[in-house]
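# Structural overview
Residue-level listing of the chains:
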Amino acid sequence: MAEKGSDLLYDFCCNVCEEKNVNKEAMFYCQKCSKGLCEDCEGLHKMFFSLHIAYEKGEINKWPATTKSFDDLQFCQHHSDRLIEMFCEDHGKLCCAMCLFHEHRPCVKLVMITEKTQAVYDAADFHQISASINDAQQKLETAIDDTQEFLKQLQDSYEKASEEIKGLRQKINDILDELERKTVHSLDNMLQKLKHSLQSNEEKCFKATDGFKKISDAIKRIKKDPKDLSFIAYQKALEMVSQAENLLKTLIVHRGSVVTFNSNPSIYGTLSGFSSLGNIECAEIQPEKSKHMILEFTTKSLYNIRIASDRFQCDIRGICELPGGDILIADQSNERVKLIDAMYKVVAHLDMPTSPWDMCSVSPTEVAVAVSDRHNTNTVQFLKVNNRKIVKQRVFTFPHHCYGISRYKEHLFISSSTALYKYTMDCQLVKKIYKEPSDDYSVYKCAVSPDGSRLYVTNYTYDKLLTLSMDGTVLSSLDDPALRGPTGIHVSETGLLLICGHESNNVVQVDDDGGVVTLASKEDGLDRPESVYYSASTGRLIVGHLNGNILVAEIKC
């Protein structure tokens, strides 16, 4: 029971007790009296006003909008006991006195909230923020629905894998008791791990949605009166919308997963030599809309990545993005690998023995670079990025050219101009997958689908894109007039297939039906593009070409 002077905060207080300077939580609300009532006061209210209806919290829609979210607008997010007094235009941040003291003393453009309030309230932006909130809320609700569907699919896949395990168990002897226990344990661990990830995303979406409801309630109050907090509400709403958009970008990548069970075909003959019945794997799936999404841009910009010691015009043949947002590029003409920061400035470089033609990521901090020249220097150089320094690791030599390189799990795929090879990660040959008897550059660059079921090869000489099975069977050959001289190729983590057209001066996206959509062209500043990279998590497309710049396009969420 709350006493006088209690400092507990409630969304709704009992108004009757409040008049007696007693702070108690309202458990009922009477619309006719416009009062919140605690349990004690509701009993008295029922005696004196028998015709009035007091609504419980289960009928919160009959209650008024809470004032807590409105009141909280005044206080600093980082210093909850401090009122917001200023706005830093240098950083676009709301500030209290503590923020100013600790973080914004060097800032020049600090404006009092009172100076910003009327201007933003009179502007159309404040009155339109509700539409932005509604749009973000709808996207979050869609993300929640997707997550719930993924949870169902995950559970279905778990049950299917469990049945496969049990079916296999019936065919073998008692030794499988211990093996089954280990396998099911691995399956359960994977299930919990994936469930936790999906539920965590769902919780983030619920939290963001709840925040939008509160800020919307506050904005509705401001539109009526008072207007003093309009700018604060507007700025906080903008931040919430931005955070929601970043969350949605993050959700695009690892939207859903299923668990699979792959049985071991040799298990019958050597049961005692195995530690489990098979491998429990996570097979990521994407919503249908992600699989068929055509990229659209909000902005396209060119960034110069030439450095003072470059002898020639930059020719970017390979691009990789690191987890922190930095970018590695292979500059063939200057025989260098360069590290670019999030502002697209070169912060480090490493000279190579000869021309780097392509690169692929092999770990969060390591890449493999395909290196070749006309004097039979054909290597794959592994590089590591540590504290924004590029460090050489192991290097392997090959009897053929190394023009394209791609990785899937524990294997590297290397294209030599006329053939495609499969190697282990320590560069031991597994097999020659595909051979093209025609001219050079007929097996130029390569890529692997996210599920490892297909290989893609660009045939520069004959303007074709080949789709291969993992054993080298040609599944399809794309020849489209919009794509001439195909060079660099990239398959995003969400399965989007992007190709550079060197002769057609464009970057295209190839859809599931073999349709070709131009994403960028000469009009955007492209000059014979050779490499392309798209990250669904950051929402940016990066294109390397021959004029010393990279093209960066920001993608619509």
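Quick note: structure is the one above.
Calculation notes
- The numbering scheme is per chain: residues are counted from 1 as the chain's sequence reads.
- Totals for whole chains, interfaces and linings use every residue, but because this is a predicted model, local features are given only for residues with pLDDT of at least 70 and side-chain atom pairs only at 80 or more, for both listing and counting.
- Side-chain descriptors were evaluated using all non-hydrogen atoms of the structure, hydrogens and water having been removed beforehand.
- Secondary structure elements follow DSSP: runs of H or I no shorter than four residues count as helices, runs of E no shorter than two count as strands, and numbering proceeds from the N terminus.
- Three exposure classes are used, based on accessible area relative to the maximum for each residue type with a 1.4 Å probe and protein chains only: buried under 20%, partly exposed in between, and exposed over 50%.
- Every residue pair with non-hydrogen atoms within 4.5 Å of one another is taken to be in contact.
- Note on areas: Shrake-Rupley with a 1.4 Å probe; residue coverage comes only from the protein chains shown.
- Residues scored as charged are limited to Lys and Arg (positive) and Asp and Glu (negative), so that His and the chain ends carry no count.
- Note that the charge is assigned to NZ on lysines, CZ on arginines, CG on aspartates and CD on glutamates.
- Strands pair, by our definition, only if DSSP identifies at least two bridges between them.
- Each axis is a line fitted through C-alpha atoms, and for a helix only the stretch in contact is used; angles between axes span 0 to 180 degrees, taken between their N-to-C directions.
- What we call a nonpolar core is a set of buried Ala, Val, Leu, Ile, Met, Phe, Trp, Tyr and Cys residues that are connected through their side-chain atoms within 4.5 Å.
- Nitrogen and oxygen atoms within 3.5 Å of one another constitute a polar contact, given that in protein one can donate a hydrogen and the other can accept it, and given that sequence-neighbouring residues count only through two side-chain atoms.
- Aromatic rings from Phe, Tyr and Trp, taking only the six-membered ring of Trp, are treated as a pair when their centres fall within 6.5 Å; an angle between ring planes under 30 degrees marks them as stacked, one over 60 as edge-to-face, and anything in between as tilted.
- Two conditions define a charge located above a ring, namely a distance within 6 Å from the ring centre to NZ of Lys or CZ of Arg, and an angle within 35 degrees of the ring normal.
- The working definition used for a salt bridge is a side-chain nitrogen of Lys or Arg within 4 Å of a carboxyl oxygen of Asp or Glu.
- Note that patches include only residues with greater than 30% relative accessible area and no salt bridge, and the join distances are 9 Å for like charges and 5 Å for nonpolar side chains (Val, Leu, Ile, Met, Phe, Trp, Tyr).
- Note that a disulfide, as used here, is simply two cysteine sulfur atoms within 2.5 Å.

## Concerning the overall build of the protein
Counting secondary structure elements, the protein contains nine helices and 32 strands. Overall, the protein is about 95 × 70 × 45 Å in size when its C-alpha atoms are taken along their principal axes. Residue burial in the protein is summarised as follows: out of 557 residues, 48% are buried. Summarising the internal contacts of the protein: among those between residues at least 6 apart in sequence, 50% fall at separations of at least 24. Counting only carbon and sulfur atoms, one obtains 49% of the accessible surface of the protein, whose full area is about 28,000 Å². Across the protein, the 65 positively charged side chains and the 78 negatively charged ones have centroids separated by 2 Å.

## Focus: the sheet that holds strand E3 (residues 54–56)
Taken together, the three strands give an open sheet; going across it, the order is E2-E1-E3, and neighbouring strands pair in antiparallel fashion. For this open sheet the edge positions go to strand E2 (35–37) and E3, each flanked by a neighbour on one side alone. The average angle at which neighbouring strand axes cross in this sheet is 30°, direction not considered. Sheet analysis places strand E1 (residues 28–30) next to E3, joined by three bridges and oriented antiparallel. Paired with Cys30 across the strands is Ala54, a residue of E3. Taken strand by strand, helix H2 (residues 39–48) contacts E1, E2 and E3, and its axis lies near 115° from that of E2.

## Remarks on the nonpolar core
Counting 37 residues, the largest nonpolar core has Leu73, Ile133, Leu140 and Phe212 as the members making the most contacts within it. The greatest single-element share of this core, amounting to 10 residues, is contributed by helix H8 (residues 230–253). Ignoring anything within four residues of it in the chain, the contact list for Leu73 reads Ile84, Ile215, Ala218, Ile222, Leu229, Ile232, Ala233 and Lys236. Membership of the second largest hydrophobic core comes to 18 residues, among which are Leu519, Ala520, Leu526 and Val543.

## Focus: unusual backbone geometry
Positive phi, close to 65°, is recorded for Asn376, a residue that is not glycine. Relative to the helices and strands, Asn376 resides in the loop between strand E15 (366–372) and strand E16 (378–386). Phi at Asn505 takes a positive value of approximately 55°, unusual for a residue other than glycine. In this fold, Asn505 is placed in the loop between strand E27 (497–501) and strand E28 (506–510).

## Quick notes on the side chain of Glu321
Relative to the helices and strands, Glu321 is located in strand E10 (residues 316–321). Side chain to side chain, Glu321 and Thr538 meet in a polar contact 3.4 Å long.

## Comments concerning the packing of aromatic side chains
Going through the model one piece at a time under the given rule, you end up with 14 aromatic pairs. Taking 5.1 Å as the distance between ring centres and 70° as the angle between the ring planes, the aromatic pair formed by Phe12 and Trp63 counts as edge-to-face. Separated by 51 residues along the polypeptide, Phe12 in the segment before helix H1 (15–18) and Trp63 in the loop between E3 and helix H3 (68–72) bring together distant segments of the chain. Neither residue differs from the other here; Phe12 and Trp63 are each classed as buried. Considering the side-chain rings of Tyr303 and Tyr344, the 4.3 Å spacing of their centres and the 35° angle between planes classify their relative orientation as tilted. In this pair, Tyr303 sits in strand E9 (residues 297–304) while Tyr344 sits in the loop between strand E12 (336–340) and strand E13 (346–351), placing the two residues 41 residues apart along the sequence. Clustering of aromatic rings is evident, with ring pairs tying together Trp357, Tyr403, Tyr441, Tyr444 and Tyr460. One residue, Arg394, lies across the ring of Phe382, its end atom 3.8 Å from the ring centre. One residue, Lys445, lies across the ring of Tyr444, its end atom 5.2 Å from the ring centre.

## A closer look at the pattern of salt bridges
What the rule picks out here adds up to 17 salt bridges. Its salt-bridge partner being Lys35, residue Glu19 comes within 3.2 Å of it at the nearest N-O pair. Linking Glu19 in the loop between H1 and E1 with Lys35 in strand E2, this pair joins segments that are 16 residues apart in sequence. Take Glu19: its relative accessible area is 62%, and that puts it in the exposed class.

## Some remarks on the sheet that holds E9
On the basis of which strands lie adjacent, the open sheet formed by four strands has the order E9-E32-E31-E30 and antiparallel pairing. Strands at the two margins of the open sheet, each flanked by one partner only, are E9 and strand E30 (531–535). Direction aside, neighbouring strands of the sheet carry axes that sit 15° apart on average. Strand direction decides the pairing type here: E30 and strand E31 (residues 540–544), joined by five bridges, are antiparallel. Bridging across to E31, Val532 finds its partner in Val543.

## Side note on the pairing of strand E32 (residues 549–555)
Taken across its seven residues, E32 has six buried, putting it largely inside the fold. In terms of strand pairing, E9 meets E32 through seven bridges, oriented antiparallel. What sits directly across from Leu302, in E32, is Leu551. As defined by bridge partners, E31 adjoins E32 across five bridges and the pair is classed as antiparallel. Residue pairing in the sheet places Gly544 in a bridge with Ile550 of E32. Hairpin geometry of E31 and E32 is characterised by an intervening segment of four residues between the two adjacent antiparallel strands and by a positive phi of about 90° at Gly548.

## So, a nonpolar patch on the surface
Together, Leu44, Met47, Phe48 and Phe49 make up an exposed nonpolar region whose accessible area comes to about 480 Å². Along the chain, the position of Phe48 falls in helix H2.

## What about the state of the cysteines?
Taken as a whole and assessed by the stated rule, the structure comprises zero disulfides. No disulfide involves Cys38; its sulfur sits 3.6 Å from the nearest other cysteine sulfur, which is in Cys41. Among the residues examined, Cys38 registers a relative accessible area of 3% and is labelled buried. Unpaired in terms of disulfides, Cys107 finds its nearest cysteine sulfur in Cys88, a separation of 3.6 Å.

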